[in-house]
Structures are given as C-alpha cells and as structure tokens.
Amino acid sequence: MENLNTALQGWRQILGDDNVITHPERLDEAARATFATRRRIPAILRPGDRQQVSDSMRIASLHGISIYPISKGHNWGCGSRVPSGDDCVLLDLRRLNQIIDFSEELAYVTVEPGVTQQQLVDFLGAKQSRLMLSVTGAPPTASLRELRQRGVLRGGFTLFNDLRMFSIRQRFPWRLADGRAPLGDEQRRVMGKGLGGGRWFGEGALHSPSRAVGLAERKLVKRALAGKARKTLFMDAGKARWVKRLAPLLKRLSGHDMQAMLDLDYERNPQRGIPVTQPTKMAYWKKQTRPSSATVDLDPDRDRCGLIWCTPALPFTGEDVVRAVAIIENCLAAFGFDANIGLNFTSERIVEANVAIVYDRDHKGEDARAHNCHDMLLERLSLAGYLPSRLGIQSMSALPEAGDDSPGVLDDLKKLFDAEGILAPGRYQRLPESEIHGRG
Ligand SMILES: Cc1cc2nc3c(=O)[nH]c(=O)nc-3n(C[C@H](O)[C@H](O)[C@H](O)COP(=O)(O)OP(=O)(O)OC[C@H]3O[C@@H](n4cnc5c(N)ncnc54)[C@H](O)[C@@H]3O)c2cc1C
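Criteria and thresholds
- Residues numbered from 1 in each chain as written.
- Predicted model: local features only at pLDDT ≥ 70, side-chain atom pairs only at ≥ 80, totals over all residues.
- Helix = DSSP H or I, 4+ residues; strand = E, 2+ residues; numbered from the N terminus.
- Rg over C-alpha atoms; globule rule 2.2 N^0.38 Å.
- Buried ≥ 20, exposed ≤ 12 C-beta atoms within 10 Å, placed from the backbone.
- Pairing = 2+ DSSP bridges.
- Near = placed C-beta within 6 Å.
- Nonpolar A, V, L, I, M, F, W, Y, C, P; charged D, E, K, R; others polar.
- Domains from an automatic or database assignment.
- Expected span 1.5 Å × (residues − 1).
- Arc of directions from axis to C-beta.
- Contact = placed C-beta atoms within 7 Å.
- Axes fitted to C-alpha atoms, helices over the stretch in contact; angles between N-to-C directions.
- Parallel < 35°, antiparallel > 145°, perpendicular 65-115°, else oblique.
- Left-handed = near helix turned anticlockwise from the far one by under 90°.

Moving on: the overall build of the chain. In terms of regular secondary structure, the chain is built from 12 helices and 14 strands. A compact globule built from 440 residues would reach a C-alpha radius of gyration of about 22 Å, and the chain, at 23 Å, matches this within 12%. Each principal axis of the C-alpha distribution contributes one length, and for the chain these read about 70 × 55 × 50 Å. For the chain, the residues scored as buried account for 33% of the 440 residues in total.

Quick look at the structure:
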C-alpha cells in the first residue's frame, strides 16, 4: 500500500491529476466485464504519449507494481478492461491515438495503440487509398488487425448458424418462446423463415482484380457449392443499386425489408472493410429491457449484458467441424443456453470457431450458470483435442498441461522483457491464483 501511494505521487507528477484515476466509482466501472469478475483495480493511468508510457513503467518497476495495458478496453466477452491478475494498475492507452506513418506502396501503417478500426478506415478514405483494413466483427471503436490490398487478397469465409443470425438482428423472442429459453426447433424454424430457411449461413467476399476474373470466380464458387448450399447469392454494386430502387415497392407489397437486408449483408458488411456495430448487438440478445442509450452507444459492460466467448481452433476437416459443433450444441443445451456459433475459415488448415454464451446479468444465478457452461465447454473441447485460439481473463489457467517444455520456454522469454514480472501477470500464463496477484 505504501509502495502504491508513493508510486501514485510519481505518476501524478508526470501525467497530471486528471490522468491518474483513483475514484472508487471509476475503478468499479473498469473492473466490470460482461461476466462476473472479482479483480481489484487500485488505479488507472492514462498516459498521453510514448514518453509518459515509458516514465509510468519506470515508476511501476521501481515500486514493484503490476501494470495491465489496454488499448480501447472493448474486449467484450473475453474480459473487457479487467486485468487477468488482481491489484494490477490499469495502463489505459486510448489517448495514444495517432497514425504515425503510412505507405500506400508498401501497404503498411504505423499506429499508436488507441487508433480504432473506424479511425483508420476514415484515414484510408481521406487518402483515397486502395488499401483496406481487415476489420473484425468487433465494434468500430476497437483497435486494429491488418491492412490488405483491395483487389488482391480475399476476405475470409464465415459460417454462422441461425441462432447467431437471429442474435445480431433482434432480441430473444420471449413471447414466441413462451418466456422459456433456449429456443426450440419449431421456434427456430419459424424465425428462420425470415432468413430464407436453413440452419447455416455462409458469407465470403471475392475481391477480384477485374470484373472478368470476378465473374469466372463466381462460377467456380457456384460449382463448388452445387448440391451443398440450398441457395447461392452474389451481390455487387450494380445489383445493390437495383435492390435499393426496388426495396420501397417490395416493402409495400410483401412487407419484406430489403433495404435492411442490403445494409446488413452488403452496404455495411465487415467483409468490405467497413467496421460495424451490428455484431455487438448480440450481447443484448437476452436483455428484456432496452437500455435507452443502447441504440446510439452500445456498452455491454455498462448495460449488464452477459457475454462469454469460447473460441476453439479446429482442424479444417468436415469431420472435425461436425464433431466440435455437436460437442458445443450438447453442452450449451445441457446448461439451457442457445448454441450461438460462428465459424471463421481463416486459412486452408484451420477453422476458428467462436461460441457466444449470451445471457442477462440481471437474471439471478445466470452469471454462475454461464461461467460453469463455459468451463465445461472448454474442458470437453480440450479433451477432444480442440484447444482455444484465445482465452478470456477468467480462464487463463484452464488449458491442459502442455506435456512438453513450451511453458518453460515462454516463461523464459517473458522474463527477458519483463524481469520483475510486473507486466500483465497471469495473462496467458498458467499460474496458481495466489501468484497472479499484483503487488500494488
Ligand atoms: C461482437 C464482437 C465480435 C468480434 N468478432 C471478432 C472477429 O470476428 N475476429 C476477431 O479476431 N476478433 C473478434 N472480436 C474480438 C475483438 O477483436 C476484440 O474484442 C477487440 O480487438 C478488442 O479491441 P480493444 O482495442 O478494445 O482491445 P483491448 O480490450 O484494449 O485489449 C484486449 C487485450 O489485449 C491486451 N492489450 C491491449 N493493448 C495492449 C498493448 N498496447 N500492449 C499489450 N497488451 C495489450 C490486453 O490484455 C487487453 O485485455 C470480436 C469482439 C466482439 C465484442
């Protein structure tokens, strides 16, 4: 405690009082995630440039205080801003939001950690760049992945099940479901009609170098999917213009909102390098009351949405995907949750599954049920050989023993850069709870 007080004085001198936060209400907010957590955060530091980051770290090192860096803190479903260890001072890097260097020719950009997906997309637009950002389903306010060249590389292919599709389009239909969750087969069939029926929906983008190549590629895709997909649909700028023109008439005649479908599937689709808020809405699936601010400013931590991700990596074979999906569906059904599944085909060898356990934190007992479901799922998938591609802060020690020297090698590497072990203790480290406490 004495160490912390002395460190706080030092941090206040270099960052100013406004950027060293110790107000209990603000600390409680920062310790809130989309699932129950019990981490204590003694302070939040908000450096404004590299020198301040460096000076803040020097003070932390001098006083042996653990630090947990975050960029935007929107890691919803994996722990939000909450550190993986107790008593870590949060190093909030969002004020470092400059785009420092950019090369169109070599297709790179140098950014500070607080630069968001939307900020970089706007920057590329202003430069009339041919590069596009490989955006994820994360919100426009989250930090970044990689840059790609338009017209050369392809976006990934994704498959979503019907429950994922419903959850990003609407809230849980409590009335249709008679107040009971999860959704049954008949309810899924009824709701699925609005999406053209079917249990799985695939989506990909062909970023072809010319129209002729694009048309030839469409034929290949169509041929490959013949007999496997019930319906294959291609959308491009020309078709989108037609749909837009016909949408008002169609809505009057059939009630079907083609414009909304176009927005979601084409106009504002992450596959086109456009960051969107729509996938974040799935966190609100089970909320029965709509927080008034949620339409403009989604914040699942504040709105007490329950969301826990489980993200097993699967070998890219039909047999493995079918087996893993069966494990996921059985486990979620056993705990009474909808098996909300996405499959990202990120390379020729690996499929990254992402399972969203979605619930309402305001329902008594749901936090514990969701937590138990996640742990059981992680265990069953790991036993089947499907290890997670990333972990939430609550499950950093949940992996099975490696059975080789890799943990020792990783520990040695970490010590090279972080001799005192003050940087994000417990993050991707298999440590007992007693050892992941910071020394604040
Ligand atoms: C609805 C939804 C859909 C998503 N879909 C996808 C998807 O399709 N594909 C995909 O890959 N991801 C997906 N994600 C995950 C998403 O990529 C992350 O949630 C997002 O990148 C978080 O960005 P952030 O800047 O808020 O991260 P933060 O919360 O700031 O950081 C995440 C973690 O990284 C570490 N960290 C952050 N910055 C630093 C730093 N400067 N130095 C050291 N450590 C640091 C911290 O431990 C932190 O807890 C999705 C998330 C949501 C909520």
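The next thing to look at is the pairing of strand 11 (residues 305–315). Most of strand 11 is tucked away, with nine of its 11 residues classed as buried. One ladder, built from nine bridges, connects strand 11 with strand 13 (residues 350–360); its direction is antiparallel. Of the residues in strand 13, the one forming a bridge with W309 is A356. Relative to strand 14 (residues 388–390), strand 11 runs antiparallel, the two sharing two bridges. By the bridge assignment for strand 14, T311 is matched with R390.

Before going further, it helps to examine the sheet that holds strand 2 (residues 44–45). Pairing within the open sheet is mixed, and its four strands lie in the order 1-2-4-3. Across the chains shown, the open sheet's two edge strands, defined by having one partner strand only, are strand 1 (20–21) and strand 3 (67–70). Bridge count for strand 2 against strand 4 (residues 89–92) is two bridges, and the pairing is parallel. The residue bridging I44 from the neighbouring strand is L90, located in strand 4.

In the neighbourhood of the ligand, 21 residues make up the surrounding shell, with H74, N75, T136, G137 and S143 lying closest. Residue composition of the shell around the ligand, by class: nine nonpolar, 10 polar and two charged. Viewed by domain, the shell around the ligand spans two of them, domain 1 (2–96 + 408–435) and domain 2 (98–155), each represented by three or more residues.

What follows covers helix 1 (residues 2–15). End to end, helix 1 covers 20 Å across 14 residues, agreeing with the expected 20 Å (1.5 Å per residue, within 8%). Among the residues of helix 1, A7, L8, W11 and L15 are the ones counted as buried. Looking straight down helix 1, one finds its buried side chains confined to an arc of 110 degrees; they lie on one side. Turned more than 90 degrees away from the buried face of helix 1, the exposed residues are E2, N5, Q9 and Q13. Where the residues of helix 1 are buried, they touch strand 1, strand 2 and helix 3 (50–63). One or two steps after helix 1, the chain reaches G16, where phi turns positive at roughly 85 degrees.

Once that is clear, we can look at the sheet that holds strand 9 (residues 157–161). One open sheet accounts for six strands, arranged 10-9-12-13-11-14; its pairing is antiparallel. The open sheet has two edge strands, strand 10 (200–203) and strand 14, and neither has a second partner. Each neighbouring strand pair of the sheet contributes to a mean axis angle of 25 degrees, computed without reference to strand direction. In the sheet, strand 9 pairs with strand 12 (residues 340–345) via four bridges, with the strands oriented antiparallel.

What the domain assignment reports for the chain is domain 1 (2–96 + 408–435) and domain 2 (98–155). Relative to domain 2, the C-alpha centre of domain 1 lies at a distance of 27 Å. At the interface, seven residues of domain 1 touch 10 residues of domain 2. Grouping the constituent residues of the side of domain 1 that touches domain 2 by class yields two nonpolar, two polar and three charged.

Next up on the list: the packing of helix 10 (residues 318–334) against helix 11 (residues 366–383). How two helices sit against one another is set out by the angle between their axes and by the gap between those axes. Packing of helix 10 against helix 11 leaves a shortest axis separation of 10 Å and a crossing angle of 155 degrees. As the angle between them shows, helix 10 and helix 11 are arranged roughly antiparallel. The element helix 10 and its partner helix 11 pack so that their crossing is right-handed. Note on element contacts: helix 11 touches helix 10 through C373, M376, L377, R380 and L381, opposite A324, I327, I328, C331 and L332. Among the residues making up the contact of helix 10 with helix 11, the classes are represented as nine nonpolar, no polar and one charged.

Within the secondary structure, N3 sits in helix 1. On a C-alpha basis, the gap between N3 and G64 in space is 7.8 Å, while along the polypeptide they are 61 residues apart. When sequence neighbours within four positions are dropped, the list of residues in contact with N3 reads H63, G64 and I65.

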